[in-house]
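# A structural walkthrough
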Amino acid sequence: MIDFNQIPSPCYVMEEKLFRNNLSLIKNVAEQAGVTIILAFKAFSMWKTFPIVREYIRYSTASSRFEAQLAFEEMGSPAHTYSPAYTEADFPVILKYSSHVTFNSLSQFQRFYPMVQADGNRVSCGIRINPEFSGVETDLYNPCAPGSRMGIIRDLLGETLPEGIEGLHFHTLCESTSYDLERTLTEVEKRFGHFLPHIKWLNMGGGHLMTRKGYDTAHLIRLLQSFKARYPHLEIIMEPGSAFAWQTGFLLTTVVDIVENHGIQTAVIDASFTCHMPDCLEMPYKPVIRFATDAVEGKTTYRIGGNSCLSGDYMGDWSFDQPLQPGDKIIFEDMIHYTIVKTNMFNGIPHPSLVLWTKEDQLKILRTFTYEDYKNRMD
């Protein structure tokens, strides 16, 4: 039982038991399907929990030189790296810390492949393809929207892959189902199937939310097994991010003030949507608050406002059983993935603390943030 009085505010709290449940499910899917599932840092990179992750999976995927170095140093293995664009300054570092490098365009491959050759072809190179299909409805998160800069469409790839390309990579999903993957694979085989006998690996990207309640993992396993039966020489790689940290913890905040304007009561908290929950504003989506519901007529209802000076730093409305008071706790559920990796210090607002609630029901503070963290960003 979590003792909220022990937890500093604001604070991201990861629950180790829930995290291990997700890791166990992911490992089971990988073993039954005969595929490699790796952790995508872009959704979750709380590296002080990587010793737990390494008990279940060995590898991770990076999208920058910093993430690649983090993979090498803290996961203890080289990264599978993809970036929309590499630079001469970054690529030697990428090469040093990676086992696989995926290029977003043929021009990028041609520009940097000589460095791979000079390194003894130690790194396996791939190209990102764009099957021009996605079930993702929000364009901000849809890598296959018309005009997308992500990946090479079939018409521009030619009939043969350049020498040195050993793999293909696609990413079409976002918090999606196995049936969305099935539809994607149909398009991939239709457009790029003639390349598959000539490569060593196929990276199916992220967005596979296999730890969400109701996700059909049995269908996913059958789908992957069937695909592997058609292409037994291929190593299949999947790199979900959200699935690892899905429903594994919360953001604890505290009400600082209650203000009213034209009949709307806003509870101002000691955290910020724009600083600490940016996906709520970008997607947008309304998070779940523990012990609250969507607005109910006749119940005490509040808009929740962040503590930055951005006018749009708010969400609402929620109803509560009792009126809120300064000092009350507001707990936002499922705030571990795509939150910590996106936090910023706009307005000089500090990051929430990072806490692990261990499987022994002990509070372990992983990190708190100070003025120096803010000041050093401006050095």
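Residues numbered from 1 in each chain as written. Predicted model: local features only at pLDDT ≥ 70, side-chain atom pairs only at ≥ 80, totals over all residues. Heavy atoms only, no water.

### What about the overall build of the protein chain?
Just so we agree on the cut-off: Starting at the N terminus, helices and strands are each numbered in turn, a helix being any DSSP run of H or I of at least four residues and a strand any DSSP run of E of at least two. As a reference, a globule follows 2.2 Å times the number of residues to the power 0.38, and the radius of gyration itself is taken over C-alpha atoms. Relative accessible area decides the class of each residue, using a 1.4 Å probe on protein chains only: under 20% of the type maximum gives buried, over 50% gives exposed, and in between gives partly exposed. Contacts between residues were defined by any pair of non-hydrogen atoms, one from each residue, lying within 4.5 Å. For accessible areas, the Shrake-Rupley method is used with a probe of radius 1.4 Å. Any residue's cover is judged against the shown protein chains and nothing else. Charged residues are defined here as Lys and Arg on the positive side and Asp and Glu on the negative side; His and the ends of the chain fall outside this count. A single reference atom marks each charge: NZ on Lys, CZ on Arg, CG on Asp, CD on Glu.
Helix and strand counts for the protein chain stand at 11 helices and 19 strands. On C-alpha atoms alone, the protein chain measures out to a radius of gyration of 22 Å, which is about the 21 Å that the 2.2 N^0.38 rule sets for 379 residues. Each principal axis of the C-alpha distribution contributes one length, and for the protein chain these read about 65 × 45 × 45 Å. Looking at the 379 residues of the protein chain, the share that counts as buried comes to 52%. Sequence-distant contacts in the protein chain: of pairs separated by 6 or more residues, those separated by 24 or more amount to 70%. Put simply, the protein chain shows about 17200 Å² of open surface, and 50% of that area lies on carbon and sulfur atoms. Placing the 34 positive and 44 negative side-chain charges of the protein chain at their respective mean positions leaves the two points 5 Å apart.

### Some remarks on the pairing of strand β11 (residues 235-238)
Inclusion rule: Whether two strands pair depends on DSSP finding at least two bridges between them. Handedness of a crossover is defined as follows: orient the strands so they point away from the viewer, and if the path from the first strand over the helix to the second runs clockwise, the crossover is right-handed.
With 2 bridges joining them, strand β2 (residues 36-37) and β11 adopt parallel strand pairing. The residue bridging Thr 36 from the neighbouring strand is Ile 237, located in β11. For strand β10 (residues 201-203) and β11, the ladder comprises 3 bridges, and the chain directions are parallel. Within β11, the position partnered with Asn 203 by the bridge is Ile 237. Taken together, β10, helix α7 (residues 217-230) and β11 form a β-α-β motif whose crossover is right-handed.

### Regarding empty space enclosed by the protein
The rolling of a water-molecule-sized probe over the atoms marks out the regions of remaining empty space. Quick reminder of the rule: Of the grid points, spaced at 1 Å and generated over the protein atoms alone, those admitting a 1.4 Å probe that cannot get out make up cavities, while open sets with protein on both sides within 12 Å along at least five of seven lines make up pockets; any residue with an atom within 4 Å of a point is treated as lining. Grid points are joined across faces, edges and corners, and a volume is the space filled by probe spheres set on the points.
One pass over the full model with this rule turns up 1 cavity of 30 Å³ or more. By volume, the largest cavity amounts to about 40 Å³. Lining the largest cavity, in full, are Thr 61, His 80, Thr 81, Tyr 82, His 100, Thr 102, His 169, Trp 201, Asn 203 and Glu 239. Those elements that place two or more of their residues in the lining of the largest cavity are β5 (79-82), β6 (98-103) and β10. For the lining of the largest cavity, the leading source of residues is β5, giving 3 residues.

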